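Coordinate inspection notes
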Amino acid sequence: MGKERSPKLKLFYLTKILMEKTDEKHSLTMEEIISSLEAYGISAERKSIYSDLEILETYGIDVVKEVRNKNCFYHVASRQFELAELRLLVDSVQSAKFITKKKSNELIRKIEGLASHYEARELQHEVFVTDRVKAQNEKILYNIDAIHRAIAGNAKISFQYSNWNVNKKMVLRHDGKRYIESPWAMTLAEENYYLVCFDDETGIKYFRVDKMVNIDVLEDARNGREEFRSFNIADYASKRFRMYEGPEMKVTLECDNSLAGVVIDRFGTGIAIRPKDDNHFETTVTVAVSRQFYAWVFAMGNGMKIVGPDEVWEEARRITKELAKQYK
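In short, a report on the structure. Note that the coordinates shown come from a computational prediction; the quantities given were computed from them, not determined experimentally.

**Details of the overall build of the protein**
Summing up its helical and strand segments, the protein has 12 helices and 13 strands in all. A compact globule built from 328 residues would reach a C-alpha radius of gyration of about 20 Å, whereas the protein, at 28 Å, exceeds it by more than 25%. Seen through its principal axes, the protein has C-alpha atoms that stretch 85 × 60 × 45 Å. Within the protein, contacts between residues at least 6 apart in sequence are counted, and of these 65% link residues at least 24 apart. Here the protein has roughly 19,700 Å² of accessible surface; of this, 50% comes from carbon and sulfur atoms. Counting 51 positive and 51 negative side-chain charges, the protein places the averaged centre of each group 5 Å from the other.

Here is the structure:
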């Protein structure tokens, strides 16, 4: 038996026991509940526990009593998060490239704490963080917090920006120059977290959050309010492939009918799809024309081609000629 504890803690430990040791598939008898309380140094009688269970139900904890073979069993029937919802959270943490492997494992352990021990073991069996490509910046969550504080406080931020070199080390860009920007929004795009901000010299721009280091929240007020008054972050991100910049243009694509889902997944259901013939359709979309946009089109092979405007078609033709030379 553990050290004797104050009876006032009984309700808290009773909640802990029920949340950790019971779920829809696992229950405890009254004897097991009393024994579990004793392990925490809490002495209790049946009558007082019946009263405590009523208090927990009044508070909103769904404790269910079942009678089987003349024995009473108790379990928590519903929780703040269902197991399927916890799986979704675990999957999101695992797949988030901007969260480091170490922080991913820490977050998953915390998510498991929202389930019973038995359900947590089910979640553990589904965790495969090791071989995923993950960010290396362990301060990523602190970066996000600092940026949110700056946005809420209408303040500029100062930071350094890093990138990989051929030795697989993160090095500071521009000899460690500090960037001073006005943060306005953050978005997830192409599996990475991006800050969208206003630069006093160049206007709207963005940075990958996991590559930002040594962030300071400044006392200077943000600029760019007018530019961001009607700014649509979702529209901005959808036009950029892997968030690379380029001139925004309306581009017409001719596609095989089998690629309708690919196009809709990329640009949404608001696009117009015009039948070209029995096997093809055309659509006109607004994109930031960059090498990454051309790469996306080329990846579709014979199923997609650029129809116009002429300057975009000519650039696609020039790039394919370059590639043909490279692979002769």
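Now that the structure has been shown, we can carry on.
**Concerning helix H10 (residues 260-267)**
Taken as a whole, H10 has its buried residues at Val 263, Arg 266 and Phe 267. For H10, the angular spread of the buried residues around the axis is 75°, confining them to a single face. Buried residues belonging to H10 abut helix H9 (233-238), strand S10 (248-256), strand S12 (280-288), helix H11 (291-299) and strand S13 (304-308). A positive phi of about 90° marks Gly 268, the residue just after H10.

**Thoughts on the sheet that holds S12**
Reading across from one edge, S11-S12-S10-S13 is the order of the 4 strands in this open sheet, with antiparallel pairing throughout. Edge positions in the sheet fall to strand S11 (274-275) and S13, since each has one partner strand and no second. Both S10 and S13 contribute to a ladder of 4 bridges, which runs antiparallel. In the sheet register, Leu 253 faces S13, and the bridge partner there is Ile 306.

**Examining the nonpolar core**
Among the nonpolar cores identified, the biggest contains 21 residues, and Val 251, Leu 253, Phe 293 and Ile 306 are the most heavily contacted of them. Breaking this core down by element, the ones donating at least two residues are S10, H10, S12, H11, S13 and helix H12 (310-326). Aside from chain neighbours lying at most four places away, what touches Leu 253 is Phe 281, Glu 282, Thr 283, Val 285, Phe 293, Trp 296, Val 297, Met 304, Lys 305, Ile 306 and Val 307. Of all hydrophobic cores here, the second largest spans 20 residues; its members include Ala 146, Ala 150, Ile 157 and Tyr 179.

**Regarding the pattern of salt bridges**
Taken as a whole and judged by the stated rule, the model has 19 salt bridges. Measuring nitrogen to oxygen at the nearest pair gives 2.0 Å for the salt bridge that ties Arg 46 to Glu 31. Note that Arg 46 is positioned in helix H3 (residues 46-59) and Glu 31 in helix H2 (residues 30-39), a separation of 15 residues in sequence. Notably, a salt bridge pairs Glu 282 with Lys 276, separated by 3.5 Å at the nearest N-O pair. Residue Lys 276 is classed as partly exposed on the basis of its relative accessible area of 46%. Taken together, the shared-partner salt bridges in this structure form one network comprising Glu 254, Arg 274, Lys 276 and Glu 282.

**A look at the packing of aromatic side chains**
If you walk through the whole model with that rule in mind, you get 12 aromatic pairs. Ring centres of Tyr 194 and Tyr 206 lie 5.8 Å apart, and the angle between their planes is 80°; this geometry places the pair in the edge-to-face category. With Tyr 194 in strand S7 (residues 192-199) and Tyr 206 in strand S8 (residues 203-208), the pair connects residues that are 12 residues apart, well separated along the chain. The exposure class of Tyr 194 is buried, given its relative accessible area of 5%. Tyr 206 sits in the buried class, given a relative accessible area of 17%.

**Digging into the side chain of Asn 143**
Positionally, Asn 143 belongs in helix H7 (residues 140-152). Overall, the relative accessible area of 6% leaves Asn 143 in the buried class. At 2.8 Å, the side chain of Asn 143 and the backbone oxygen of Met 212 are in polar contact.

**Concerning unusual backbone geometry**
Residue Pro 309 is bonded to the preceding Gly 308 through a cis peptide linkage, with omega at 5°. Among the secondary structure elements, Pro 309 is positioned in the loop between S13 and H12. One non-glycine residue, Asp 175, lies in the positive phi region at around 55°. Relative to the helices and strands, Asp 175 is located in the loop between strand S5 (170-172) and strand S6 (179-189).

**What to know about the sheet that holds strand S2 (residues 62-68)**
Strands pair in a sheet through their backbones, by hydrogen bonds, and they do so in one of two ways: parallel or antiparallel. Strand order across the open sheet formed by 3 strands is S1-S3-S2, with antiparallel pairing between neighbours. Across the chains shown, the open sheet's two edge strands, defined by having one partner strand only, are strand S1 (28-29) and S2. The pairing of S2 with strand S3 (residues 71-78) spans 7 bridges and is antiparallel. Opposite Glu 66, over in S3, you have Phe 73 as the bridge partner.

Scoring rules and cut-offs
Residues numbered from 1 in each chain as written. Predicted model: local features only at pLDDT ≥ 70, side-chain atom pairs only at ≥ 80, totals over all residues. Heavy atoms only, no water. Helix = DSSP H or I, 4+ residues; strand = E, 2+ residues; numbered from the N terminus. Rg over C-alpha atoms; globule rule 2.2 N^0.38 Å. Contact = heavy atoms within 4.5 Å. Areas by Shrake-Rupley, 256 points an atom, 1.4 Å probe, with all protein chains shown as cover. Lys, Arg positive; Asp, Glu negative; His and termini not counted. Charge placed at Lys NZ, Arg CZ, Asp CG, Glu CD. Buried < 20%, exposed > 50% of the residue type's maximum accessible area, 1.4 Å probe, protein only. Arc of directions from axis to C-beta. Pairing = 2+ DSSP bridges. Core = buried A, V, L, I, M, F, W, Y, C linked by side-chain atoms within 4.5 Å. Salt bridge = Lys/Arg side-chain N within 4 Å of Asp/Glu carboxyl O. Phe/Tyr/Trp six-rings, centres within 6.5 Å; stacked < 30°, edge-to-face > 60°. Polar contact = N/O pair within 3.5 Å; in protein donor to acceptor, adjacent residues only side chain to side chain.

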